[in-house]
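# A look at the structure
Spelled out from the first residue to the last, the chains are:
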Amino acid sequence: MGRITLDKVTKSFGDVNVIPPLDLTINDGEFVVFVGPSGCGKSTLLRLIAGLEDVSSGQIRIDGEDATNLPPAKRKLAMVFQSYALYPHMSVRKNIAFPMKMAGVPEDEQKRRIEGAAKALNLTDYLDRRPGQLSGGQRQRVAIGRAIVREPSAFLFDEPLSNLDAALRVNMRLEISELHNQLKTTMIYVTHDQVEAMTMADKIVVLRAGHIEQVGSPLELYREPRNKFVAGFIGSPKMNFIEGPVAAQQGAHTIGIRPEHITASASDGMWSGIVGVAEHLGSDTFLHIHETGLAETMTVRVNGEFNLRHGDKVFLTPEMDKLHKFDAKGLRI
Ligand SMILES: Nc1ncnc2c1ncn2[C@@H]1O[C@H](COP(=O)(O)OP(=O)(O)OP(=O)(O)O)[C@@H](O)[C@H]1O
Ligand SMILES: [Mg+2]
């Protein structure tokens, strides 16, 4: 079980309204990612669901029951934070056991759950170590283990990977996705990293100023962003936006075209410009192109071996069926 419904939920801190009325349904077993810029209300929304903050109005239901006024401990949800706050003087085993000890779970049941969690998280060989003897990724896994043994109906993660270095983030991202495949428990995951959102989510909720801009699967948001904000937020490098006559020819105020939907050529194409910085990633190269007369900079993804250099003239051709069109309000046409 782990179906969570928010019905006209609002939150204000004093006079400041942070979440305007918001409706959202999270289905049992779904991996839902809340994504959006800093300060948009992701953590607040998660804390409202967890019961760490009271809603100002509206209703939260968990598995059909009104949980709006339930204290956090009664909601059967487990939260994992960015700072994992383990007890330094306790072994990994004792850290993981701690919430069960508090809840009075019998010893043999504790043992069974610890072994299960350690196996799922590859921590079996580390159970007798202390947190200080672990890497950052292993510590984060212990924090997740402590959540798993509570057998919650949903896991709530608030930017759990942002303390880790880039390589470890990628590993942990895969491990959390794998864990979700194994446990099939509802997970709500907050991040401002759209790559994490795209790679992990069944369903992405894009937030701006406490307001839901769009809800959908990663590819739905990528293919059919509802507005310019979502179009610019989802996808890396960002979508190029073009206004003016070129957009007007398409009957739009603004057209959007992703860097991977433009071909670059040294000899001919629809548009032309001058190569600025070329970012070589090995597999791909991102060209930043100036003097196109379309936008200040156009970003184009080309093959890693592409051999134009800084200052060279380049011709660009968009894939016309991949153009996104927006009206003056930024809404998709
Ligand atoms: N306890 C509080 N009192 C007053 N304002 C708050 C409080 N907590 C959060 N806010 C405000 O609510 C807004 C949303 O904050 P929140 O922490 O939910 O953002 P976020 O999307 O998680 O951002 P980040 O990506 O930086 O973590 C911000 O403008 C923040 O300043
Ligand atoms: Mg936050």
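Parameters at a glance
Residues numbered from 1 in each chain as written. Chains lettered and ligands numbered in written order. Predicted model: local features only at pLDDT ≥ 70, side-chain atom pairs only at ≥ 80, totals over all residues. Heavy atoms only, no water. UniProt positions renumbered as here; feature names shortened; annotations may be inferred. Helix = DSSP H or I, 4+ residues; strand = E, 2+ residues; numbered from the N terminus. Expected span 1.5 Å × (residues − 1). Buried < 20%, exposed > 50% of the residue type's maximum accessible area, 1.4 Å probe, protein only. Contact = heavy atoms within 4.5 Å. Pairing = 2+ DSSP bridges. Axes fitted to C-alpha atoms, helices over the stretch in contact; angles between N-to-C directions. Domains from an automatic or database assignment. Buried area = accessible area lost by both parts, 1.4 Å probe. Salt bridge = Lys/Arg side-chain N within 4 Å of Asp/Glu carboxyl O. Polar contact = N/O pair within 3.5 Å; in protein donor to acceptor, adjacent residues only side chain to side chain. Nonpolar A, V, L, I, M, F, W, Y, C, P; charged D, E, K, R; others polar. Core = buried A, V, L, I, M, F, W, Y, C linked by side-chain atoms within 4.5 Å.

- An unreviewed UniProt entry annotates the protein chain as Multiple sugar transport system ATP-binding protein of Donghicola tyrosinivorans.
- You can read under Sequence similarities (unreviewed entry) in the UniProt record for the protein chain the words "Belongs to the ABC transporter superfamily."

### Some remarks on helix α4 (residues 136–148)
- The end-to-end C-alpha distance of α4, which contains 13 residues, comes to 18 Å, matching closely the 18 Å that a straight helix rising 1.5 Å per residue would cover.
- Residues of α4 that are buried: Gly137, Gln138, Gln140, Arg141, Val142, Ala143, Ile144, Gly145, Arg146, Ala147 and Ile148.
- Its buried side turned inward, α4 meets β6 (77–80), α2 (92–102), α3 (107–120), β7 (154–158) and α5 (166–183).

### Focus on the pairing of strand β1 (residues 4–13)
- Pairing geometry for β1 and strand β4 (residues 57–62), over five bridges, is antiparallel. Of the residues in β4, the one forming a bridge with Asp7 is Gln59.
- What sits between β1 and strand β2 (residues 16–26) in their antiparallel hairpin is a turn of two residues, with Gly14 showing a positive phi close to 60 degrees.

### As for the sheet that holds strand β5 (residues 65–66)
- Ordered by their spatial adjacency, four strands build an open sheet running β2-β1-β4-β5, and the pairing between neighbours is antiparallel. The open sheet has two edge strands, β2 and β5, and neither has a second partner.
- Sheet analysis places β1 next to β2, joined by seven bridges and oriented antiparallel. Looking at β2, one finds that Val9 is bridged to Leu22.
- Set on the sheet, helix α1 (residues 42–50) makes contact with β1, β2 and β4; between it and β1 the angle comes to about 120 degrees.

### Comments concerning the environment of Gly64
- As for its placement among the helices and strands, Gly64 is situated in the loop between β4 and β5.
- By relative accessible area, which is 57% here, Gly64 ends up exposed.
- Separated by 62 residues in the primary sequence, Gly64 and Gly2 place their C-alpha atoms 9.5 Å from one another.

### Regarding the domain arrangement of the protein chain
- Structurally, the protein chain comprises domain 1 (4–226) and domain 2 (237–326).
- Between the C-alpha centres of domain 1 and domain 2 there is a distance of 38 Å.
- Across the contact, four residues belong to domain 1 and six residues belong to domain 2.
- For the pair domain 1 and domain 2, the summed buried area comes to about 350 Å², and 51% of that belongs to carbon and sulfur atoms.
- For the domain 1 face of the interface with domain 2, the top three residues by lost area are Tyr222, Arg223 and Pro225, together amounting to 91%.
- Summed over the shared surface of domain 1 and domain 2, the number is zero salt bridges.
- At the boundary of domain 1 and domain 2, one finds two residue pairs in polar contact (both at pLDDT 80 or more).
- Partitioning the side of domain 1 that touches domain 2 into residue classes produces three nonpolar, no polar and one charged.

### Some points on the UniProt feature "domain: ABC transporter" (unreviewed entry) in the protein chain
- When the UniProt feature table is mapped onto this chain, "domain: ABC transporter" (unreviewed entry) is found at residues 4–234.
- Along residues 4–234, the helical share is 36% and the strand share 26%, with 25 Å between the first and last C-alpha atoms.

### Observations regarding unusual backbone geometry
- The omega torsion across Ser236 and Pro237 is -5 degrees, close enough to zero to call that bond cis.
- One can find Pro237 in the loop between α8 (228–233) and β11 (240–243).
- The residue Asp63 is not glycine, and still its phi comes out positive at about 50 degrees.
- Given a relative accessible area of 28%, Asp63 falls into the partly exposed group.

### Notes on the nonpolar core
- Counting 45 residues, the largest nonpolar core has Ile144 and Ile176 as its most contacted members.
- Considering every element that reaches this core, the biggest residue donor is α4, with five residues.
- Other than its neighbours up to four places away in sequence, Ile144 contacts Val80, Leu121, Phe157, Met172, Ile176 and Leu179.
- By size, the runner-up hydrophobic cluster in this structure holds 29 residues, among which are Leu45, Ile49, Ala67 and Val190.

### Digging into the pattern of salt bridges
- A complete count under the given rule lists 16 salt bridges for this structure.
- For Arg113, the salt bridge goes to Glu109, with nearest N and O atoms at 2.9 Å. Taken together, the positions of Arg113 and Glu109, both in helix α3 and four residues apart, correspond to about one turn of that helix.
- In this structure Arg113 comes out as buried when scored by relative accessible area, which is 17%.
- Two residues, Lys111 and Glu115, come together in a salt bridge whose shortest N-O distance is 3.5 Å. Taken together, the residues Lys111 and Glu115, both in helix α3 and four residues apart, mark about one turn of the helix.

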